[in-house]
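Residues per chain, in single letters:
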Amino acid sequence: MKITIVGGGIAGLSFALNLHARGIDCEVYESVPEVKEIGVGITILPHASAELSKLGVLEKLEPLGIENLESVFFNRYGQFVYKELRGRHSGYKTPELGMHRGRLHRVLYDAVLQRLGAAKVHTGYRCTGFKQTAEPATGVELFMDLADGSQRVVPASVVVACDGVNSAIRKQLYPDDQVAFAGINTWRGVSIHKPILSGKSYIRIGSIETGKMVIYPIIDNVDGKGNQLINWVAEIQEDQAAMNDWNKPGRLEDFLPTFEDWRYDWLDVPALIQASDHILEYPMVDKDPLKQWTFGAITLMGDAAHPMYPRGSNGSAQAIIDARTLADCIQNSFASDGANPTSATHALKDYESKRLEPTAKVVKTNRTLPPDAIIMKADELSKGQPFRSIDDLISQDELRQISENYKQIAGFALSATPT
Ligand SMILES: Cc1cc2nc3c(=O)[nH]c(=O)nc-3n(C[C@H](O)[C@H](O)[C@H](O)COP(=O)(O)OP(=O)(O)OC[C@H]3O[C@@H](n4cnc5c(N)ncnc54)[C@H](O)[C@@H]3O)c2cc1C
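Engineer: How should I be thinking about the packing of aromatic side chains in this particular structure?
Structural biologist: In this description, a pair of aromatic rings is defined by centroid distance and the angle of the planes. Under the counting rule described, the total for this entry stands at 12 aromatic pairs. Aromatic side chains tyrosine 174 and phenylalanine 295 sit 5.8 Å apart centroid to centroid with 80° between the ring planes, which places their arrangement in the edge-to-face category. Of this pair, tyrosine 174 sits in the loop between α5 (168-173) and β13 (180-193) while phenylalanine 295 sits in the loop between β17 (280-286) and β18 (298-300), and the two are 121 residues apart along the sequence. Take tyrosine 174: its relative accessible area is 21%, and that puts it in the partly exposed class. One aromatic cluster in this structure is built from Phe74, Phe80, Tyr264 and Trp266.

Following this line, the structure appears as structure tokens:
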């Protein structure tokens, strides 16, 4: 009894490792012919690092990233709004890490190759659709375009679609499926720069309404001179904005003017942006939550199931939690009903019942009340003007409530995380 995984990203690879740890056979089909370290910065929150620790890969990841000490919020004038300690520094058992997404992906990929063997990982296989024979299904045919131009039909008993935000399998299940764009565009880059604040600070400045920057370090001493590789993201919301193109390089002139006067005594934002060799542009998109992920012998996972705005560092965390949850459900189902396709399809439904609602809440909260609502609150109270001290407007405890509310919804309140 084998599980077939479509997509070898963060979700697909974590799922493969979880299945392997439970002695359940699987194979991964990934569209890119060669796995390269692409993307920019990603933040691994404590609920995700706890899962990665259980998978035995956290010790490999920690030296490759930077353990965050604190999360700090400023208004667009560079004035302090709120700060809190993060990860182990605030009592969690596992760290909050900033790192290059490519490094996270590489560590997961290498672990899968090493533990499952290269024969279980098929690169250069782009899934274009599927056919199911019956329900509860005992047969799925996956249609694949191969990198060499040929086509193949891959037979499978149970399929988990981990093929990301533009999932081909989701598209077949929901032909009208499309990304939701609310006028927020983003530009991303990495710059070599001296450490900012503590050198371990996750920094948010401004809000999407007025322009926002997210800045955090991902590699220490990148040049042997004590400088860091700093990940930055610029976000701008405009009512009539055209959607940025995933496949095009970003252009400074499209966003730098918004940040031109963001020069503070603790950071020169335009200089940080201009120090980046390459700029990537992305639209900030998500999709409306679905009512159903599991159809017979097929289910959705990670971004294929619940793409969300990257406003709370939760995309990869929720994907990694999905992976462990489904592996647990399959293990339990096999233990009680035997390792067969019917038992596996019951597990897919069980997984859906456990994960659909919680992830839908994160999708909705990332739209309405993400952590940067802290800065919006300060802007609202100061009417968008500079202030003398945030304490004149609101207490740190009140702002902490916004942060704690988000952690509760996203499943990483300290009380809910393994200690
Ligand atoms: C190239 C890339 C760069 C990213 N960079 C960042 C970043 O810098 N910061 C950040 O916070 N998040 C980034 N993300 C998003 C983040 O990694 C995901 O939100 C999160 O980890 C969810 O993981 P996932 O496995 O569901 O989706 P993804 O990580 O998107 O993985 C999906 C995988 O499926 C493969 N795939 C797609 N279509 C098919 C198909 N038809 N057949 C077979 N395989 C298919 C893709 O090649 C990919 O490997 C990036 C994603 C990608 C793909």
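From this point, the narrative continues.
Engineer: Explain the site of the ligand here, please?
Structural biologist: With respect to spatial proximity, 28 residues lie near the ligand, and among them Ala11, Glu30, Val40, Gly41 and Asp303 are the closest. Isoleucine 10 has a polar backbone atom sitting 3.1 Å from an oxygen atom of the ligand. Interatomic distance of 3.2 Å between a backbone N/O atom of serine 31 and a nitrogen atom of the ligand. Against a free-state accessible area of 910 Å², the protein chains account for coverage of 81% of the ligand. Contributing elements (two or more residues each) for the shell around the ligand: α1 (10-21), β2 (25-30), β3 (41-44), β9 (125-132) and α8 (315-337).

Engineer: Would you take a moment to explain the pattern of salt bridges for this structure?
Structural biologist: Oppositely charged side chains can pair when the atoms bearing their charge come close. One pass over the full model with this rule turns up 33 salt bridges. Its salt-bridge partner being arginine 86, residue glutamate 84 comes within 2.6 Å of it at the nearest N-O pair. The class of glutamate 84 is buried, set by a relative accessible area of 8%. For arginine 86, a relative accessible area of 11% puts it in the buried group. In this structure, glutamate 380 engages lysine 377 in a salt bridge whose closest nitrogen and oxygen atoms are separated by 3.6 Å. Of the two residues, glutamate 380 and lysine 377 both sit in helix α10 (residues 373-382), three residues apart, roughly one turn of that helix. Put simply, Arg22, Glu51, Lys54, Arg324 and Asp328 are held in one network by salt bridges that share partners.

Engineer: Which parts of the structure should I look at to understand empty space enclosed by the protein?
Structural biologist: Rolled over the atoms, a probe sized like a water molecule indicates the empty space that remains. Under the counting rule described, the total for this entry stands at two cavities of 30 Å³ or more. One number sums up the size of the largest cavity: a volume of about 120 Å³. In terms of lining residues, the largest cavity is bounded by 14 residues, among which Ser71, Arg86, Arg204, Pro371 and Phe412 are the most central. Listing elements by their share of the lining of the largest cavity, those giving two or more residues are β5 (70-74), β14 (201-207) and α11 (396-410). Broken down by element, the residue count for the lining of the largest cavity peaks at three residues, all from α11. When the residues that make up the lining of the largest cavity are grouped by side-chain class, the tally is five nonpolar, four polar and five charged. Here the second largest cavity is characterised by a volume of approximately 40 Å³. What lines the second largest cavity is simply Ile196, Gly199, Lys200, Ser201, Ile203, Ile215, Tyr216, Pro217, Gln228 and Ile230. Looking at which element gives the most residues to the lining of the second largest cavity, the answer is strand β15 (residues 211-219), with three residues.

Procedures and definitions
- Each residue is numbered by its place in its chain's sequence as written, counting from 1.
- The predicted origin of the model limits local features to residues at a pLDDT of at least 70 and limits the giving and counting of side-chain atom pairs to 80 or more, whereas totals for whole chains, interfaces and linings rest on all residues.
- Processing note: side-chain calculations cover all non-hydrogen atoms of the structure and skip hydrogens and water entirely.
- Each aromatic pair joins two rings of Phe, Tyr and Trp (for Trp, the six-membered one) with centres within 6.5 Å, and gets the label stacked for planes under 30 degrees apart, edge-to-face for over 60, and tilted for any other angle.
- Counting from the N terminus, the helices are DSSP H or I runs at least four residues long and the strands are E runs at least two residues long.
- Burial here depends on accessible area, computed with a 1.4 Å probe over protein chains only, as a share of the maximum for the residue type. Under 20% is buried, over 50% is exposed, and the range in between is partly exposed.
- Put simply, a residue is near a molecule or strand once any heavy atom of it comes within 4 Å of that molecule or strand.
- N or O atoms within 3.5 Å of each other form a polar contact, as long as, within protein, one can give a hydrogen and the other can take it, and as long as residues adjacent in sequence are counted only when both atoms are side-chain atoms.
- Surface accessibility in these figures is a Shrake-Rupley result with a 1.4 Å probe; residues are shielded only by whichever protein chains are displayed.
- Think of a salt bridge as a Lys or Arg side-chain nitrogen and an Asp or Glu carboxyl oxygen that are within 4 Å of each other.
- Only protein atoms enter the calculation, which uses a 1 Å grid: trapped sets of points that fit a 1.4 Å probe without letting it out are cavities, open sets showing protein on both sides within 12 Å along at least five of seven lines are pockets, and any residue with an atom within 4 Å of a point is a lining residue.
- Grid points are joined across faces, edges and corners, and a volume is the space filled by probe spheres set on the points.
- Here the term charged refers only to Asp, Glu, Lys and Arg, the term nonpolar to Ala, Val, Leu, Ile, Met, Phe, Trp, Tyr, Cys and Pro, and the term polar to all other amino acids, Gly among them.

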